[in-house]
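This is what each chain is made of:
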Amino acid sequence: MKSYLYLLLSFLFFISCKTSTKKEVKVYKPVRGVITQKAMVVSARKEASKIGAAIMKKGGNAFDAMVATEMALAVSYPFAGSLGGGGFMVYRKADGEIGALDYREKAPLAAHRDMYLDEKGDPIPEKSQLGALAIGVPGTIAGIFAVHEKFGTMPIEEILTPVVELANNGFTITKKQQKRFEEKRDLFFEVNKDTILFAKEYRAGDTIKNIKLAQTLKRIIKNGKSEFYQGETGKKIVEHIQANRGIITMEDLGKYEARWRDPVRFDYKDLSVISMSPPSSGGVCLAQIMKMIEPFDISQYGHNQLESIQIITEAERRAYADRAYYLGDPDFVDIPIDTLISKGYLTTRIEDFRFDKATPSNEINCGVITGYESDETTHYSIVDQFGNAISVTITLNGAYGSKLFVPEVGTFLNNEMDDFSAKPGVPNMFGLIGAKANAIVPEKRMLSSMTPTLVEKDGKFWMSVGTPGGSTIITSVLQTILNVREYGMTMQDAVNAPRFHHQWLPDVVVFEPNSFDNKLLDNLKAKGYKINEEESRIIGKVDGILALPDGTLEGGADKRGDDTAIGF
């Protein structure tokens, strides 16, 4: 009897152990982002998303919300939002019409090819990255007025008044913002030779009021675009730049115009992708990478697994090599876009890839075409209740741009001149190599990596996506789209997923720290891939909106920042 009881108790204990073990197994549950019924804004700051969404709730469309969101970011996110920067917008209207706006900065009239070289012909990075000489002619105000003139439905005063109130009443500093201010405080003093609004010792929870910026915005409401490019505001900016040995003049401001362009459009399996055209390299590189990947069934290899990482890395390597040679401002250089994104050309580009080993970058050059002679940026996505969708990426280039602040206007100015090739073959602040196509020429727009992107599925809007991140922008947008299409992720999970990056030179695959299995990284090393995990920065802060099958919208706001999705 005792042995029987012993056996019974042992059996019950075994069952309970098995049961408890099962309970300990972690089951992955998809994380959904904010879900709204009609409209949504996803941006780097809650204040900006809230103002943009409120504009649409009052009856405005996505383009009205674009103007409000962009200016609200200039107030609450000076890290990358500013009146002194520029950007790109890609749009898709409810009727399927698509287009793109280029309000990228331009080289001043006094700029020249060798302006950042020393007497030996070597680049002086500080000259193109810090201070007044690094500034390109700003395009932000021209951009928002071009959008409003073509597509806006609400008066500019009604759109911008909430932004003026935000500047007057102030925004609350987050912990991440406090850290960024602290990191750049010494540079603020060095460049401005004095304290500025953002150089004070702030703590998270403090409020910053930018009264001068509020006054500037009031003048812009009253006088329109001309206030910035011909009026009092422009004069204040030019006087400050020239007092700090910069070369921008009122003539430079007066000649600036935003340009409407045709976006890059291409198919990937059952998706139609609409992305930014040159002078952004984003759309061309994204098309090249996705079309080189397309013949491979990467979903079967699994997300962030050995074979899928290899395929994506090798496609990135080849696309960035082409970027360095062929891409620049289309108003100054001929770019063979149709060939660069064609199936035949890209099949040839990837045909030497093998799974058994890496292809060293020193064995990869730009592709041969017969007859052919931003680390900091911010992105926002908007979808309105009428079916319009936009994707916008704006920038000052480096964090707080040139670090030069105009106290009387209340804004930082960009350091976009560093995005030119100061010297062919010499990397810029993001390690990107350039060639003659991206050389400095007066009034030329510098090459960018910004990749605002819209995606259609079955002929309908499916996704708006984009990110900051300098040279990592293109690869972050790429992986986010693939995460949803190939791996079935939610928008939020796709945005949050660990990312990696390769840009041809330097020949290193950058991985987000503590996000990838050590055995996986060892297997990549064994195949000849050089890995950088320890020193890598955050790879992008993606903001996206996904249209769900039931017609609702899911926002993906990147956990790496203070990004927020708001809608109704």
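Above this text sits the structure in question.
All of the points below concern the structure found in this document. What you see is a predicted model; the values in this text were computed from it and never measured. (Residues numbered from 1 in each chain as written. Predicted model: local features only at pLDDT ≥ 70, side-chain atom pairs only at ≥ 80, totals over all residues. Heavy atoms only, no water.)

1. Digging into the overall build of the protein
Part 1 of the reasoning: For the protein, the count of helices and strands is 19 helices and 21 strands.
Part 2 of the reasoning: Here the C-alpha radius of gyration of the protein, 25 Å, is about what a compact globule of 568 residues would show, namely 24 Å.
Part 3 of the reasoning: Expressed as lengths along the three principal axes of its C-alpha atoms, the size of the protein is roughly 100 × 55 × 50 Å.
Part 4 of the reasoning: Counting all 568 residues of the protein, 61% fall into the buried class.
Part 5 of the reasoning: Looking at the protein as shown, the accessible area adds up to about 22800 Å², and 51% of this sits on carbon and sulfur atoms.
Part 6 of the reasoning: In the protein, 69 positive and 73 negative side-chain charges are present, and the distance between their average locations comes to 5 Å. (Helix = DSSP H or I, 4+ residues; strand = E, 2+ residues; numbered from the N terminus. Rg over C-alpha atoms; globule rule 2.2 N^0.38 Å. Buried < 20%, exposed > 50% of the residue type's maximum accessible area, 1.4 Å probe, protein only. Areas by Shrake-Rupley, 256 points an atom, 1.4 Å probe, with all protein chains shown as cover. Lys, Arg positive; Asp, Glu negative; His and termini not counted. Charge placed at Lys NZ, Arg CZ, Asp CG, Glu CD.)

2. Some words on the packing of helix H12 (residues 282–293) against helix H14 (residues 306–326)
Part 1 of the reasoning: Between H12 and H14, the least distance of the axes is 9 Å, while the angle of their chain directions is 145°. Remark: the crossing between H12 and H14 carries right-handed chirality. Residues Cys285, Gln288, Ile289, Met292 and Ile293 of H12 lie in contact with H14, whose contacting residues are Ile311, Ile312, Ala315, Glu316, Arg318, Ala319, Asp322 and Arg323.
Part 2 of the reasoning: Taken together, the residues that form the contact of H12 with H14 break down as 8 nonpolar, 1 polar and 4 charged. (Axes fitted to C-alpha atoms, helices over the stretch in contact; angles between N-to-C directions. Left-handed = near helix turned anticlockwise from the far one by under 90°. Contact = heavy atoms within 4.5 Å. Nonpolar A, V, L, I, M, F, W, Y, C, P; charged D, E, K, R; others polar.)

3. Some details on the packing of aromatic side chains
Aromatic ring pairs are reported here in terms of the distance separating the ring centres and the angle at which the planes meet.
Part 1 of the reasoning: Applying the stated criterion across every chain, the model contains 26 aromatic pairs.
Part 2 of the reasoning: Measuring from ring centre to ring centre gives 6.1 Å for Phe181 and Tyr202, while their planes differ by 50°; the resulting arrangement is tilted. With a gap of 21 residues between them, Phe181 in helix H7 (residues 175–192) and Tyr202 in the loop between H7 and strand S6 (207–208) connect regions that are remote in the sequence.
Part 3 of the reasoning: Classification of Phe181 as buried rests on a relative accessible area of 1%.
Part 4 of the reasoning: Considering the side-chain rings of Phe198 and Phe405, the 5.6 Å spacing of their centres and the 85° angle between planes classify their relative orientation as edge-to-face. Note on accessibility: Phe198 and Phe405 belong to one class, buried.
Part 5 of the reasoning: Here the aromatic cluster, defined as three or more aromatic residues joined through ring pairs, consists of Tyr77, Phe79, Phe181, Phe188, Phe198, Tyr202, Tyr400, Phe405 and Phe412.
Part 6 of the reasoning: A cation over an aromatic ring shows up here: Lys150 above the ring of Trp260, its NZ or CZ 4.3 Å from the ring centre.
Part 7 of the reasoning: A cation sits over an aromatic face here: Lys225 above Tyr229, 5.9 Å from the ring centre. (Phe/Tyr/Trp six-rings, centres within 6.5 Å; stacked < 30°, edge-to-face > 60°. Lys NZ or Arg CZ within 6 Å of the ring centre and 35° of its normal.)

4. Here's the deal with the sheet that holds strand S18 (residues 531–532)
Across a sheet, strands are paired by hydrogen bonds formed along the backbone, either parallel or antiparallel in direction.
Part 1 of the reasoning: The 3 strands are arranged S16-S17-S18 in an open sheet whose pairing can be described as mixed. With one partner strand each, in any of the chains shown, strand S16 (500–501) and S18 form the two edges of the open sheet.
Part 2 of the reasoning: As paired strands, S16 and strand S17 (residues 509–511) are joined by 2 bridges and run antiparallel to one another. When the sheet's bridge partners are listed, Phe500 is paired in S17 with Phe511. (Pairing = 2+ DSSP bridges.)

5. A word on the pairing of strand S8 (residues 264–268)
Part 1 of the reasoning: Side-chain alternation along S8 places Val264, Phe266 and Tyr268 on a buried face and Arg265 and Asp267 on a face that remains uncovered.
Part 2 of the reasoning: Alignment of S8 against strand S9 (residues 271–275), held across 5 bridges, turns out to be antiparallel. Across the sheet, the residue bridging to Tyr268 is Leu271, located in S9.
Part 3 of the reasoning: Where S8 folds back on S9, the antiparallel hairpin that results is connected by 2 residues, among which Lys269 adopts a positive phi of roughly 55°.

6. With respect to the sheet that holds strand S14 (residues 453–457)
Part 1 of the reasoning: The 7 strands are arranged S1-S20-S19-S15-S14-S9-S8 in an open sheet whose pairing can be described as antiparallel. A strand with exactly one partner marks an edge of an open sheet, and here the two such strands are strand S1 (35–36) and S8.
Part 2 of the reasoning: One ladder, built from 5 bridges, connects strand S19 (residues 543–547) with strand S20 (residues 553–557); its direction is antiparallel. By the bridge assignment for S20, Ile545 is matched with Gly555.
Part 3 of the reasoning: In the packing of H12 onto the sheet, contacts are made with S8, S9 and S14, and the angle to S8 comes to roughly 15°.
Part 4 of the reasoning: Lying on the sheet, helix H17 (residues 473–485) is in contact with S8, S9, S14, strand S15 (460–466) and S19; it crosses S15 at an angle near 140°.

7. Things to note about helix H16 (residues 343–350)
Part 1 of the reasoning: Within H16 the residues assigned to the buried category are Tyr345, Leu346, Arg349 and Ile350. Down the axis, H16 shows its buried residues gathered within 120° of arc, on one side only.
Part 2 of the reasoning: If you follow the buried residues of H16, they end up packed against H12, H14 and helix H15 (337–340). (Arc of directions from axis to C-beta.)

8. With respect to the pairing of strand S3 (residues 86–92)
Part 1 of the reasoning: Here S3 lies mainly inside the structure; 7 of its 7 residues are buried.
Part 2 of the reasoning: Burial along S3 is two-sided: the residues Gly86, Phe88, Val90 and Arg92 and Gly87, Met89 and Tyr91 are all buried.
Part 3 of the reasoning: Looking at chain direction, S3 and strand S4 (residues 98–103) are connected through 6 bridges and run antiparallel. In the sheet register, Tyr91 faces S4, and the bridge partner there is Gly99.

9. Points about the pattern of salt bridges
Part 1 of the reasoning: Applying the stated rule across the entire model yields 34 salt bridges.
Part 2 of the reasoning: In this structure, Lys255 and Glu443 form a salt bridge, with 3.2 Å as the shortest nitrogen-oxygen distance.
Part 3 of the reasoning: Judged by its relative accessible area of 25%, Glu443 is partly exposed.
Part 4 of the reasoning: Note that Asp322 and Arg349 form a salt bridge whose closest N and O atoms lie 3.1 Å from each other. Remark: Arg349 occurs in helix H16 and Asp322 occurs in helix H14; sequence separation between them is 27 residues. Of the two residues, Asp322 and Arg349, neither departs from the other in class, the shared state being buried.
Part 5 of the reasoning: Sharing partners across several salt bridges, the network here consists of Asp102, Arg259, Arg261, Asp329, Asp331 and Arg445. (Salt bridge = Lys/Arg side-chain N within 4 Å of Asp/Glu carboxyl O.)

10. Considering helix H8 (residues 211–223)
For an α-helix, 3.6 residues make a turn, and residues three or four places apart therefore share a direction.
Part 1 of the reasoning: Over its 13 residues, H8 runs 19 Å from end to end, which matches the ideal 18 Å to within 8%, given 1.5 Å per residue.
Part 2 of the reasoning: On its buried face, H8 is in contact with helix H3 (62–76), helix H5 (140–151), helix H6 (156–169), helix H9 (225–229) and helix H10 (232–243).
Part 3 of the reasoning: Backbone geometry just after H8 places Gly224 at a positive phi near 75°. (Expected span 1.5 Å × (residues − 1).)

11. Quick notes on unusual backbone geometry
Part 1 of the reasoning: Following Pro278, the chain continues into Pro279 via a peptide bond in cis, with omega recorded as 20°.
Part 2 of the reasoning: The omega angle of the peptide bond from Leu505 to Pro506 is -5°, so this bond is cis rather than trans.
Part 3 of the reasoning: In this structure, Pro506 sits in the loop between S16 and S17.
Part 4 of the reasoning: For Lys269, which is not a glycine, the phi torsion comes out positive at approximately 55°.
Part 5 of the reasoning: Mapped onto the fold, Lys269 is located in the loop between S8 and S9.
Part 6 of the reasoning: Its relative accessible area of 30% is what places Lys269 among the partly exposed residues.
Part 7 of the reasoning: For Glu443, which is not glycine, the phi dihedral falls at a positive 70°.

12. Focus: the environment of Val67
Part 1 of the reasoning: Of note, Val67 is situated in helix H3.
Part 2 of the reasoning: On a C-alpha basis, the gap between Val67 and Ser128 in space is 29 Å, while along the polypeptide they are 61 residues apart.
Part 3 of the reasoning: Look past the residues within four positions of Val67 in its chain and what remains in contact with it is Ile144, His148, Ile156, Ile159 and Leu160.

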